[in-house]
Amino acid sequence: MNYKDSVNNEFQVNERTELVLIRSAEAAPYLTVGTKSYLGDQLIGKRNGQTYQFVIRDAGEYVTGIDITGHKSTLKERPVEFKIQEGNIAIDTDFLVKASVDFDREIAQPNGEKLAKGLVKDVMDADLGKQNTAFVGQGWLPLFKASNFLESISSESQYAFFDPMIHSIARSSGKAYEPAGDVEPIYRKGLKGTIGEAEVRSQQGFKVVEISEALANELSSATVASYVTGAKVDTLTLNNVTEDIPAGTPLFVAGVKACDLVGEATSAPKAFIAIEDGAAGVVKVRHVDFAGNGTKEASAVPAANAKLVNPIKEGTYFTGIIRLNGAFEADTIKDLDWSNADERVSTPNGITMHTARAVDVMKGTNTTRYTIAGVWGITDPRAVTYVCIKDATANVVAL
């Protein structure tokens, strides 16, 4: 593996940089599995803090008959925006580390995993609510329904990321995932097998949704007071709800169906997922496209006085997602300006890590900074579904 030394402008071998990156990559399948580069060309020469976008193309309206006057469509573009994110870890080591430390076990593994988990958590938080459908319940059924729904709208491969507790709950029934096929070793971290058409991995960092009995009772009789669209966030306000609605709660409104990848209504209800805790029946959700023929995500805007459909019941819910191949943007920046620092750059698996080192010869210390910078996130909510699996601990007897 070759690495660039920014001081001498020549390529060098640096196994330590590679080790930290490999440990990061192993801990970050959420950022590497089933992803696609949409913005790589735009990121060349760019710097942090900037926003980049690509567009999802619209499609015309399908009609029947000979005379289609009045059915011409003005095609629109739905922009998808991403901001550069950075994950960093800086450590000090003394001059004796090289001789006395098992670098892989004592430095590369803990720091690589720490960097990856921090970055993944940031990306997952930003992705909350970017799912067009949701399947809620107990045991295996919601998981199979989620996978089968995605299969009904696309033949692309599926990749599932579930809270580890979901595996325990699902397997408490005595069933297990189907074995996965051949997977490269670097992508096997957390791999559990398959369910339906989805390759399943454990992933920490998903929301745990606590629904109180009082909230469940209120949601069972709640109706829509209003729905207000915003540039990036919409507001769904409910009547008859005074309890707080926790972030990650999915809501379904009568008469509103989820659309497929070309804007056609499906049989599945559109999921309006709270992206933050809400009070007094006010629920913030990601902006929903109701307009374009080919880009729209939902069949209709929630109507005033519409009832909630299949409201979530009381309990603790562990969550996760299943996404189609290519529904996740992933690009890392390959060139950063470290001035005269001793820099190493490595990219063994699509993630680029920058390692910059400064030396204090009087104190006898090396300060090393590991940085991964790039853009990550869900590109099209219609290609991703959310699962909420109710905890089954009520059925467990303590010994």
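Everything in this summary refers to the structure shown in the same document. (Residues numbered from 1 in each chain as written. Predicted model: local features only at pLDDT ≥ 70, side-chain atom pairs only at ≥ 80, totals over all residues. Heavy atoms only, no water.)

1. Brief notes about the nonpolar core
- Formed by 84 residues in total, the largest nonpolar core has its most connected members in Tyr30, Leu31, Leu143, Phe162, Leu219, Leu238 and Phe272.
- The element that contributes the greatest number of residues to this core is helix α4 (residues 103-127), accounting for six residues.
- Once you skip the residues sitting within four places of it in the chain, phenylalanine 272 turns out to touch Tyr227, Leu236, Thr249, Pro250, Leu251, Val253, Val256, Val285, Val288, Phe290 and Pro302.
- Among the nonpolar cores identified, the runner-up in size contains 10 residues, and Leu39, Ile84, Ile333 and Val375 belong to it. (Core = buried A, V, L, I, M, F, W, Y, C linked by side-chain atoms within 4.5 Å. Buried < 20%, exposed > 50% of the residue type's maximum accessible area, 1.4 Å probe, protein only. Helix = DSSP H or I, 4+ residues; strand = E, 2+ residues; numbered from the N terminus. Contact = heavy atoms within 4.5 Å.)

2. What about the pairing of strand β10 (residues 208-211)?
- Here β10 shows a buried face lined by Val209 and Ile211 and an unburied face lined by Val208 and Glu210.
- Note: β10 against strand β16 (residues 315-324), four bridges, orientation antiparallel. Directly across from valine 209, in β16, lies its bridge partner tyrosine 317. (Pairing = 2+ DSSP bridges.)

3. Observations regarding a nonpolar patch on the surface
- Taken together, the side chains of Phe95, Val359, Val361 and Met362 define a hydrophobic patch exposed on the protein surface, amounting to about 460 Å² of accessible area.
- Tracing the backbone shows valine 361 in the loop between β19 (353-360) and β20 (365-378). (Patch = residues over 30% accessible without salt bridge, like charges linked within 9 Å, V, L, I, M, F, W, Y side chains within 5 Å. Areas by Shrake-Rupley, 256 points an atom, 1.4 Å probe, with all protein chains shown as cover. Salt bridge = Lys/Arg side-chain N within 4 Å of Asp/Glu carboxyl O.)

4. Structural notes on the packing of aromatic side chains
- Taken as a whole and judged by the stated rule, the model has eight aromatic pairs.
- Ring plane angle 65° and centroid distance 5.3 Å describe the contact between tyrosine 30 and phenylalanine 161, whose orientation is recorded as edge-to-face. With tyrosine 30 in helix α2 (residues 29-32) and phenylalanine 161 in strand β7 (residues 158-162), the pair connects residues that are 131 residues apart, well separated along the chain. For the pair formed by tyrosine 30 and phenylalanine 161, the shared burial category is buried.
- Plain terms: the ring middles of tryptophan 140 and phenylalanine 144 are 6.1 Å apart, the flat faces sit at 35° to each other, and that makes the pair tilted.
- The ring of tyrosine 30 carries arginine 323 above its face, with NZ or CZ at 4.8 Å from the centroid. (Phe/Tyr/Trp six-rings, centres within 6.5 Å; stacked < 30°, edge-to-face > 60°. Lys NZ or Arg CZ within 6 Å of the ring centre and 35° of its normal.)

5. Notes on helix α5 (residues 141-153)
- In this model, α5 (13 residues) spans 19 Å end to end at C-alpha, consistent with the 18 Å of a helix rising 1.5 Å per residue.
- Taken residue by residue, α5 has Pro142, Leu143, Ala146, Ser147, Phe149, Leu150 and Ile153 as its buried positions. For α5, the buried positions fall inside an angular range of 155° around the axis, keeping them on one side. More than 90 degrees from the buried face of α5, the exposed residues found are Leu141 and Ser152. (Expected span 1.5 Å × (residues − 1). Arc of directions from axis to C-beta.)

6. Details of the sheet that holds strand β11 (residues 223-228)
- Taken in spatial order, the three strands of this open sheet run β11-β12-β15, and their pairing is antiparallel. The open sheet has two edge strands, β11 and β15 (282-286), and neither has a second partner. Strand-to-strand, the axes of this sheet are offset by a mean angle of 25°, without reference to chain direction.
- Here five bridges tie strand β12 (residues 233-239) to β15, and the two strands are oriented antiparallel to one another. (Axes fitted to C-alpha atoms, helices over the stretch in contact; angles between N-to-C directions.)

7. Observations regarding the pattern of salt bridges
- In this structure the tally under the stated criterion is four salt bridges.
- When the shortest N-O distance is used, the salt bridge between aspartate 125 and lysine 121 registers 2.9 Å. Of the two residues, aspartate 125 and lysine 121 are both situated in helix α4; the distance of four residues between them amounts to about one turn of the helix.
- Taking the relative accessible area as the measure of exposure, aspartate 125 reaches 32% and is therefore partly exposed.
- Here arginine 382 makes a salt bridge to aspartate 380, at a shortest N to O gap of 2.9 Å. For the pair arginine 382 and aspartate 380, a shared accessibility class is recorded, and that class is buried.

8. Brief notes about the environment of aspartate 331
- Locating aspartate 331 in the fold gives a position in strand β17 (residues 328-332).
- Residue class for aspartate 331 comes out buried when judged on its relative accessible area of 9%.
- Remark: the alpha-carbon pair of aspartate 331 and threonine 32, spanning 299 residues in sequence, is separated by 9.6 Å.

9. Focus on the pairing of strand β14 (residues 265-273)
- Alignment of strand β13 (residues 250-259) against β14, held across five bridges, turns out to be antiparallel. Opposite leucine 251, over in β14, you have phenylalanine 272 as the bridge partner.
- Between β13 and β14, which pair antiparallel one after the other, the connecting turn spans five residues, and glycine 263 there sits at a positive phi close to 85°.

10. Quick look at unusual backbone geometry
- Residues other than glycine seldom take positive phi values, yet asparagine 240 does so here, at roughly 70°.
- In this fold, asparagine 240 is placed in the loop between β12 and β13.
- Even without glycine at this site, asparagine 310 takes up a positive phi of about 45°.
- Tracing the backbone through its elements, the reader meets asparagine 310 in the loop between β15 and β16.

Treat this as a map of the structure, not an account of what it does.
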